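Coordinate inspection notes
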Amino acid sequence: MNKVQFHVIKDPVHGTMQFTSVEDAWIKPFVDSSNFQRLRHIKQLGLGDFIFPGAVHTRFNHCLGCCYTASQIAHKIGLADEERQLVMIACLLHDIGHGPFSHAFEGIFYAKLIRHEDWTPYFLADYGSKDFFKQYNRLNPRYHLTEEKFRVIAEMIMHKPATKNVLADIVSSQLDADRLDYLLRDSHFCGVRYGEFDFRWMLHCMAIIETKEGERLGITHKGIGVVEHYLMARRLMTRNIYHSQKKLALESLLVQLLANLAENLECHTAYTNIRHSRLGQFLSAANGFNQAVENARDSDELKKEFIEKNYPNYKDLCDYDVFSLIKQLAEINENHLCAQIALRLQHRKMPKILRLDQVELAAVETELQDFKLKYRKDFQEWQLMLIQTPHRSYSGEDDPILVINERGEMKPISDFSFMINAISDRLEHVAFLCVDKMIAEDKRVTALIKRLLSEKYEAVTR
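This text gives an overview of the structure that appears in the document.

Here is what the cut-offs are and how they apply
- Residues numbered from 1 in each chain as written.
- Predicted model: local features only at pLDDT ≥ 70, side-chain atom pairs only at ≥ 80, totals over all residues.
- Heavy atoms only, no water.
- Helix = DSSP H or I, 4+ residues; strand = E, 2+ residues; numbered from the N terminus.
- Rg over C-alpha atoms; globule rule 2.2 N^0.38 Å.
- Buried < 20%, exposed > 50% of the residue type's maximum accessible area, 1.4 Å probe, protein only.
- Contact = heavy atoms within 4.5 Å.
- Areas by Shrake-Rupley, 256 points an atom, 1.4 Å probe, with all protein chains shown as cover.
- Lys, Arg positive; Asp, Glu negative; His and termini not counted.
- Charge placed at Lys NZ, Arg CZ, Asp CG, Glu CD.
- Pairing = 2+ DSSP bridges.
- Patch = residues over 30% accessible without salt bridge, like charges linked within 9 Å, V, L, I, M, F, W, Y side chains within 5 Å.
- Salt bridge = Lys/Arg side-chain N within 4 Å of Asp/Glu carboxyl O.
- Expected span 1.5 Å × (residues − 1).
- Axes fitted to C-alpha atoms, helices over the stretch in contact; angles between N-to-C directions.
- Parallel < 35°, antiparallel > 145°, perpendicular 65-115°, else oblique.
- Left-handed = near helix turned anticlockwise from the far one by under 90°.
- Nonpolar A, V, L, I, M, F, W, Y, C, P; charged D, E, K, R; others polar.
- Core = buried A, V, L, I, M, F, W, Y, C linked by side-chain atoms within 4.5 Å.

**Remarks on the overall build of the chain**
Across its full length, the chain holds 20 helices and 11 strands. The globule rule puts the C-alpha radius of gyration for 462 residues at 23 Å, and the 24 Å found for the chain is close to it. When its C-alpha atoms are laid out on the principal axes, the chain stretches across 80 × 55 × 45 Å. Taking all 462 residues of the chain together, 54% fall into the buried category. Nonlocal contacts in the chain, meaning residues at least 24 apart in sequence, comprise 74% of its contacts between residues at least 6 apart. Within the structure as shown, the chain displays about 22,100 Å² of accessible surface, and the carbon and sulfur contribution to it stands at 49%. A gap of 4 Å separates the mean positions of the 59 positive and 62 negative side-chain charges of the chain.

Here you go:
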């Protein structure tokens, strides 16, 4: 009898990630593709490593970990080989559409109208050629990939109605392989313990649950405690890492830099070299899109047109393009907004952060806008930024995590857990003011800050 052979990937989060030779053949053609290799050069947490120096891990690391996690879930709940193949490929490719600095780059578009999910179908379409299927099927004689199977994979990634819900749940749900991997991975590389939970016990407690909509991914009653731990880990990671004030402040500065550069590329002579670069061409196109869509009644057609035209540039962009741009701008000796922000990013000149807990934000916004209008010649928009970060840790109404108890009864987990019921569908708000340190000691600014934090703006609910 032939022993099962494994392809082993050493991983700091999961330890030894073992893929059988069959599983390796399922994912290797995708891993070796240029679209997937590009993810090596896109950091998972944007500018997170400016705050947590270890957070230099990439979308490439995470996608491999997500694929491995999906394989573990599929084995545990007893999926057939072909079903396991589909969810592993879907989890491997779920982040293929990300641009430089992950979610931060989405901020360059008006109202964030274009997100990484909008680019994903175009990346997936690159795999849809007959040549790719032919080469893939030569490596996988028993598990051919067809256009129909790849359509199912794409539908799971794009959150479209699935032919089998339990497969889609592994790819995207409140208990999916994506979240199970990134919480552990981001926690590890940031050097914190907020995101830790007992992954192995979670895996042990996973089960297929029969519902009116068909089979769904859920847990047995023994897993209630670990899901409580997992959801609290997600909440703490959001508040302390993903919504870290300094991280979001720096990423907001980056967006301001890119957006302003896009507006000035054509008219500012100092940016001539940048104008003809791959990133410069993309930013110029993005500026045209933003201007067109701001007053458009129907943005969908404009989005589609922009993405189709600019995908060839976008698919080659990564963090290095932006870092190179920042370095180039920082060396320009002038007072233009882009050069000034680039200097701060290049040398990590952090803004001053003022938390606005227990204040009336509407009044703060009005006061801040009046101040900016009054002193518009003295202070620039990016030097005084109000950032709000609402977040929801668990959505029990839209897509609850399901539990099957000792009697075989199926109920949402909030029925069993006081803690989860308490946070379910609760929107938490965090707001803060970012002040450029170059103006932080200005008497007008210090007076503004004093007013914003005064009793005058205290929330009624305090």
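Let's pick the thread back up.
**Some words on the pairing of strand β1 (residues 6–11)**
Two strands pair when backbone bridges link them, and β1 and strand β2 (residues 15–20) are joined in this way by 6 bridges, in the antiparallel orientation. Along β2, the bridge assignment pairs H7 with F19. Linking β1 back to β2 in an antiparallel pair, the connection comprises 3 residues.

**Looking at a positive patch on the surface**
A contiguous patch of positive charge, built from K246, R348, K349, K352 and K437, is present on the exposed surface. Structurally, the position occupied by K246 is in helix α12 (residues 245–264).

**So, helix α14 (residues 278–294)**
The terminal C-alpha atoms of α14 lie 24 Å apart, and with 17 residues this matches the ideal 24 Å at 1.5 Å per residue to within 8%. All of the buried residues in α14 are L279, G280, F282, L283, A286, N287, F289, N290 and V293. For α14, the elements touching its buried residues are α5 (116–125), α12, α13 (272–275), α15 (300–314) and α16 (319–330).

**Describing the environment of E406**
Along the chain, E406 turns up in the loop between β8 (402–404) and β9 (410–412). Distance in space between the C-alpha atoms of E406 and T220 is 8.1 Å, their sequence separation being 186 residues.

**With respect to the side chain of E23**
Within the secondary structure, E23 is located in helix α1 (residues 21–31). A relative accessible area of 2% means that E23 is categorised as buried. If sequence neighbours within four positions are ignored, E23 has contacts with Q18, S71, H75, R84 and M88.

**Quick look at the pattern of salt bridges**
Where charged atoms from two side chains of opposite charge approach closely, those side chains can pair. This structure, assessed with the given rule, holds 28 salt bridges. Of the charged contacts in the structure, one is a salt bridge between D321 and R278, with a shortest N-O distance of 3.0 Å. Of this pair, D321 sits in helix α16 while R278 sits in helix α14, and the two are 43 residues apart along the sequence. According to the relative accessible area criterion, R278 is partly exposed, its value standing at 35%. Salt bridges sharing partners connect three or more residues here, namely D11, D181 and R185.

**What to know about the packing of helix α3 (residues 59–77) against helix α4 (residues 81–93)**
Their axes nearest at 7 Å, the elements α3 and α4 cross at an angle of 155°. As far as their axial angle goes, α4 and α3 are roughly antiparallel. Crossing hand, α3 versus α4: right-handed. Seen from α3, the contacting residues are C63, L64, C66, C67, A70, S71, A74 and H75; seen from α4, they are R84, V87, M88, C91 and L92. In the contact of α3 with α4, the residues fall into 10 nonpolar, 2 polar and 1 charged.

**Structural notes on the sheet that holds strand β5 (residues 352–355)**
What the 3 strands build is an open sheet, ordered β5-β11-β6; its pairing is antiparallel. Bordering the open sheet on either side are β5 and β6 (384–388), each of which pairs with just one other strand. If you compare each strand with its neighbour and ignore which way they point, the axes differ by 25° on average. Alignment of β6 against strand β11 (residues 431–435), held across 5 bridges, turns out to be antiparallel. If you follow Q388 over to β11, its bridge partner there is A431. Contacting β5, β6 and β11, α12 crosses the sheet at an angle of about 120° to β6. Contacts from helix α18 (residues 361–374) reach β6 and β11 within the one sheet, and its direction differs from that of β6 by about 160°.

**Some words on the nonpolar core**
Within the largest apolar cluster, 129 residues are counted, with the highest numbers of intra-cluster contacts made by F30, F36, L93, W119, I170, V227 and L329. Sorting elements by how many residues they give to this core places α3 first, with 10 residues. The residues touching W119, leaving out its near neighbours within four places in the chain, are G97, F109, I114, F282, F306, I307, N310, Y311 and Y314. Counting residues in each nonpolar core, the second largest holds 19 residues, with V364, F379, A431 and L448 among its members.

**Some details on a nonpolar patch on the surface**
Together, V4, F6 and V8 make up an exposed nonpolar region whose accessible area comes to about 280 Å². Summarising the element assignment, F6 is placed in strand β1. Its relative accessible area of 44% is what places F6 among the partly exposed residues.

**A closer look at α12**
With 20 residues, α12 extends 28 Å from end C-alpha to end C-alpha; this agrees with the ideal 28 Å at 1.5 Å per step. In terms of burial, α12 is largely enclosed, as 15 of its 20 residues are buried.

**Remarks on a negative patch on the surface**
Residues D298, D300, E301, E305 and E308 make up a contiguous surface patch of negative charge. Tracing the backbone shows E301 in helix α15. The exposure class of E301 is exposed, given its relative accessible area of 51%.

These figures capture arrangement, not role.
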